[in-house]
Amino acid sequence: MTSKMVEEYSGLQVQPHKAIVGANAFAHESGIHQDGVLKNKRTYEIMSPKDIGLHRSDETGLTLGKLSGRHALKAKLFELGYDFEGNELNDLFWRFKSVAEMKKVITDDDLITLVSK
């Protein structure tokens, strides 16, 4: 709340990647970070976003993009109600990577489209 107040009074916006208070401070796009967070959140999050008044749309904070790995893709697909393993997951992963090279962030709608093709 203090950060938001300073932002409001100063007229300067907090950079999205600013530690602790930035909008992306608890977002994870890198494959190794995503894998670590999926296994144990405390690996890369020494505090909960809720502890400082931040709320994120999903519990994991995963942002799918070109740096994401299979584990994050599988977890996000599972959130959406899909369960892929083995060759099916591998084929989907490579299609995901080709889309991720063209787009900064892959949305849930993008994933649903990839699954339906």
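You'll find the structure just up there.
Computed from a prediction, not measured in an experiment: that's the story for all the values here.

A.B. asks: Looking at this structure, I do not really get a nonpolar patch on the surface. What am I missing?
C.D. replies: Taken together, the side chains of Met5, Val6 and Tyr9 make up a nonpolar region of the molecular surface, amounting to roughly 360 Å² of accessible area. Relative to the helices and strands, Met5 resides in helix H1 (residues 2-10). Given a relative accessible area of 41%, Met5 falls into the partly exposed group.

A.B. asks: I would appreciate a short explanation of the packing of helix H3 (residues 70-79) against helix H5 (residues 108-116) in the present structure.
C.D. replies: The angle between the axes and the distance between the axes are what describe a pair of packed helices. Packing of H3 against H5 brings their axes to within 11 Å, and their N-to-C directions diverge by 90°. Put simply, H3 runs roughly perpendicular to H5. Facing Leu73, Lys76 and Leu77 of H3, the residues of H5 in contact are Asp108, Leu111 and Val115. Its residues assigned to classes, the contact of H3 with H5 comprises four nonpolar, no polar and two charged.

A.B. asks: Teacher, can you tell me more about the pattern of salt bridges here?
C.D. replies: Any two side chains of opposite charge can pair, given that their charged atoms come close. A full pass over the atoms with the stated rule returns six salt bridges. In this structure, the salt-bridge partner of Lys4 is Glu7, at a minimum N-O distance of 4.0 Å. On the criterion of helical spacing, the pair formed by Lys4 and Glu7 is a turn pair, its members being three residues apart in helix H1. When its relative accessible area of 54% is taken as the criterion, Lys4 is described as exposed. As a salt-bridge pair, Lys74 and Glu85 come within 2.4 Å of each other at their nearest N and O atoms. Of this pair, Lys74 sits in helix H3 while Glu85 sits in the loop between H3 and helix H4 (86-102); the two residues are 11 residues apart in sequence, bridging distant segments of the chain. Here Lys74 falls in the partly exposed class, since its relative accessible area comes to 24%. Using a relative accessible area of 48% as the deciding quantity, one classes Glu85 as partly exposed. One connected set of salt bridges, linked through shared partners, spans Lys76, Glu79 and Asp108.

Cut-offs and rules
- Residues numbered from 1 in each chain as written.
- Predicted model: local features only at pLDDT ≥ 70, side-chain atom pairs only at ≥ 80, totals over all residues.
- Heavy atoms only, no water.
- Patch = residues over 30% accessible without salt bridge, like charges linked within 9 Å, V, L, I, M, F, W, Y side chains within 5 Å.
- Areas by Shrake-Rupley, 256 points an atom, 1.4 Å probe, with all protein chains shown as cover.
- Salt bridge = Lys/Arg side-chain N within 4 Å of Asp/Glu carboxyl O.
- Helix = DSSP H or I, 4+ residues; strand = E, 2+ residues; numbered from the N terminus.
- Buried < 20%, exposed > 50% of the residue type's maximum accessible area, 1.4 Å probe, protein only.
- Axes fitted to C-alpha atoms, helices over the stretch in contact; angles between N-to-C directions.
- Parallel < 35°, antiparallel > 145°, perpendicular 65-115°, else oblique.
- Contact = heavy atoms within 4.5 Å.
- Nonpolar A, V, L, I, M, F, W, Y, C, P; charged D, E, K, R; others polar.

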